[in-house]
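# Chain and residue survey
Below, each chain spelled out in residue letters.
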Protein chains: 2
Amino acid sequence: MGRKFEEIIEKVKACGKKTVAVSVAQDEAVLEAVRAAKERGIADAILVGDEAKIREIADSIGMDLTGYEIIDEPDMVQASLKAVKLAHDGKADMYMKGLIDSKNFLKSVLDKEVGLRTGGPLSHVCVFDVAGMDRLLFLTDVAFMTYPTLEDKVNIIKNTIPVCRACGVDMPKVAPLAAVEVVNPKMPVTVEAAELTRMCEEGEITGCIVDGPLSMDLAIDKEAAKHKGATDRKIQGDADVLLFPDIHAGNLVYKMLVHLVDVQNGCILTGTKVPAILTSRSDSFETKVNSIALAAVVAEEMKRGV
Amino acid sequence: MGRKFEEIIEKVKACGKKTVAVSVAQDEAVLEAVRAAKERGIADAILVGDEAKIREIADSIGMDLTGYEIIDEPDMVQASLKAVKLAHDGKADMYMKGLIDSKNFLKSVLDKEVGLRTGGPLSHVCVFDVAGMDRLLFLTDVAFMTYPTLEDKVNIIKNTIPVCRACGVDMPKVAPLAAVEVVNPKMPVTVEAAELTRMCEEGEITGCIVDGPLSMDLAIDKEAAKHKGATDRKIQGDADVLLFPDIHAGNLVYKMLVHLVDVQNGCILTGTKVPAILTSRSDSFETKVNSIALAAVVAEEMKRGV
């Protein structure tokens, strides 16, 4: 367990240390993650926020602030705009949420002047290292886009491909999931899944292999795919990307994995100029550190991609 | 692991052996499950179908047919109607799908003269014994009702309560699941979940405690509920029934559990006069046997309930 995230961290070290700009950094859990990321050689951090409070928290957790750039800005909205501008201007390689609420964090990400817009919609991807599985699973979208249309799903796939590449998966297999593996006109999700498959076959979606609709067993379990005789499918239990019908399906599976299965995971927001890290209070310490590592390799991949 | 299904089997033995009518019994996997159910004292079986083929398969798997009633009917649709009539007439306590396709099996279940209609809609419930969990989880609906309306969800809950009671859960905690634990007008599922909660509080739904919307972590993980400070909720990580927004969310979680987690499970169709067992080809042998055991305790509960 955890082997594949270790590999990601090794990859970060190889490609040169990255810097994360932290938006409203006076948050104990975030500072702990940032400290671990620095100690493990994953990333340096620029801490934007209320300097007095940042120093107070750092003191209370025995964190040495030597080597961190601190930008003092007590106002939260202003702090988020200053932090995102660092990423916008290329002074930071990724952008991370601190104490600020998600709504204002996203406002800064989407700010027209200093934000991280690229024109397309944002989406969220969660990378899972599941004990016993021979590859990473990329779950999308389990947290950000609520009810994606067909067009949104095309964008979600496009947003996810650089994340896969950054993790060493050059031609990801994308499974648009449903309850069933055949098209049923009464289930719009299956019709859209077939359409995504056609779009990929005809070159409208590139850089990946799409095969849907797929049930979860055919997507992740090679034995089950064999048992069901799915020999004509492009995906036979070996999907990399699990594309969910909507946020409910995605989030319920995501939390089931986190709370019942031996996993490590990291999550980022993509579709942005640089990766944004939007961990939640309930994420574990390791998930926060993994998310910084994930953002770092994706930042490197995006630089190379340009 | 498996302890709780063992308890269910012990319960069947205590309440007197039940009989299952098998629809088109010439199916190797079904006969193996039926044999195990008989050997373990869970249920006797009446095998309806092509007797020659039944005997041939029994021979090939070394199954002794002594003690089984066999009704010879080579026509599949006729066999299903004869088998369901046994359950309809009280000569069998539950009804099980054999080689017949699901569509024709359901036709027999819904047959106006000899079927198992009760007036309300049918729903599917899957009972999970998850390694490390202190209770059973009742997942609904992961296989039958596709896009339940609010009214359907009320019926799903009503259909599920006797299954919980049969398994020893007298006042089940029902969690209408969503991606989030608060009402969001842009997510109809959360609005319906709140309405189900109100209906239960005001006595329109009885025999259970409903609290929704709930995210998966608040539904199943007591530590997470504590961490999130959900002390005002009626469910704090201790849900029994997981009520899914739709079949996609339900089925994806269900198959994730089956394929990645150490579980035992059994499934039945409810809302019928007697429990119907509609296992699929991809279900394991143990799941088929567990489903017969589950149907048997539910059959007993329904008799007592009348």
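Everything discussed here concerns the structure shown above.
Residues numbered from 1 in each chain as written. Chains lettered and ligands numbered in written order. Predicted model: local features only at pLDDT ≥ 70, side-chain atom pairs only at ≥ 80, totals over all residues. Heavy atoms only, no water.

## Section: the packing of helix H4 (residues 76–88) of chain A against helix H5 (residues 102–110) of chain A
Residue and element names in this part refer to chain A. Two elements in contact, H4 and H5, have axes separated by 9 Å at closest approach and are oriented at 40°. Taken as axis vectors, H4 and H5 run oblique relative to one another. Once H4 is placed against H5, the crossing between them reads as right-handed. Two secondary-structure elements touch here, H4 through Val77, Ser80, Leu81 and Val84 and H5 through Asn104, Ser108 and Val109. Within the contact of H4 with H5, the residues separate by chemical class into 4 nonpolar, 3 polar and no charged. (Axes fitted to C-alpha atoms, helices over the stretch in contact; angles between N-to-C directions. Helix = DSSP H or I, 4+ residues; strand = E, 2+ residues; numbered from the N terminus. Parallel < 35°, antiparallel > 145°, perpendicular 65-115°, else oblique. Left-handed = near helix turned anticlockwise from the far one by under 90°. Contact = heavy atoms within 4.5 Å. Nonpolar A, V, L, I, M, F, W, Y, C, P; charged D, E, K, R; others polar.)

## Focus: the relation of the copies chain B and chain A
Rotating chain B by 180° and moving it 0.0 Å along the rotation axis overlays it on chain A with an RMSD of 0.0 Å. The symmetry that links the two subunits is that of a two-fold axis. For chain B, the minimum C-alpha distance to the rotation axis belongs to B:Ala249 and amounts to 2.0 Å. In this assembly the copies share their binding face: 100% of the residues contributing to the interface of chain B also contribute to that of chain A. (Least-squares fit on C-alpha atoms with pLDDT ≥ 70 in both.)

## Observations regarding the layout of surface pockets
Unfilled space is identified by rolling a water-sized probe across the atoms. In this structure, the largest pocket encloses a volume near 1,600 Å³. Lining the largest pocket are 47 residues, with A:Ser102, A:Lys255, A:Ser280, A:Arg281 and A:Ser282 sitting closest to its centre. Mapped by element, the contributors of at least two residues to the lining of the largest pocket are helix H2 (28–39), H5, helix H10 (247–260), strand S10 (263–270) and helix H11 (285–305) of chain A together with helix H9 (222–227) of chain B. With 6 residues, H10(A) is the largest single contributor of residues to the lining of the largest pocket. Residue classes in the lining of the largest pocket are distributed as 21 nonpolar, 14 polar and 12 charged. (1 Å grid on protein atoms, 1.4 Å probe; cavity = no way out; pocket = protein on both sides within 12 Å on 5 of 7 lines; lining within 4 Å. Points joined across faces, edges and corners; volume = space filled by probe spheres on them.)

## Looking at the packing of H2(A) against H11(A)
Residue and element names in this part refer to chain A. Two numbers describe how H2 lies on H11: the axes approach to 9 Å, and their chain directions differ by 55°. Judged by the inter-axis angle, H2 sits oblique to H11. Classified by chirality, the crossing of H11 by H2 is right-handed. Contacts between H2 and H11 involve Ala29, Glu32, Ala33, Val34, Ala36 and Ala37 from the former and Phe285, Lys288, Val289 and Ile292 from the latter. Of the residues belonging to the contact of H2 with H11, the class tally is 8 nonpolar, no polar and 2 charged.

## A few points about the pairing of strand S2 (residues 43–49) of chain B
Residues and elements named next belong to chain B. Of all the 7 residues making up S2, 6 are buried; the element is thus mostly covered by neighbouring parts of the structure. Relative to S2, strand S1 (residues 18–23) is paired through 6 bridges, and the arrangement is parallel. Across the sheet, the residue bridging to alanine 21 is isoleucine 46, located in S2. Pairing of S2 with strand S3 (residues 69–72), which is carried by 4 bridges, proceeds in the parallel orientation. Across the sheet, the residue bridging to glycine 49 is aspartate 72, located in S3. Handedness of the crossover joining S2 and S3 through helix H3 (residues 51–60): right-handed. (Buried < 20%, exposed > 50% of the residue type's maximum accessible area, 1.4 Å probe, protein only. Pairing = 2+ DSSP bridges. Right-handed = clockwise from strand over helix to strand, strands pointing away.)

On their own, these measurements won't tell you what the molecule is for.
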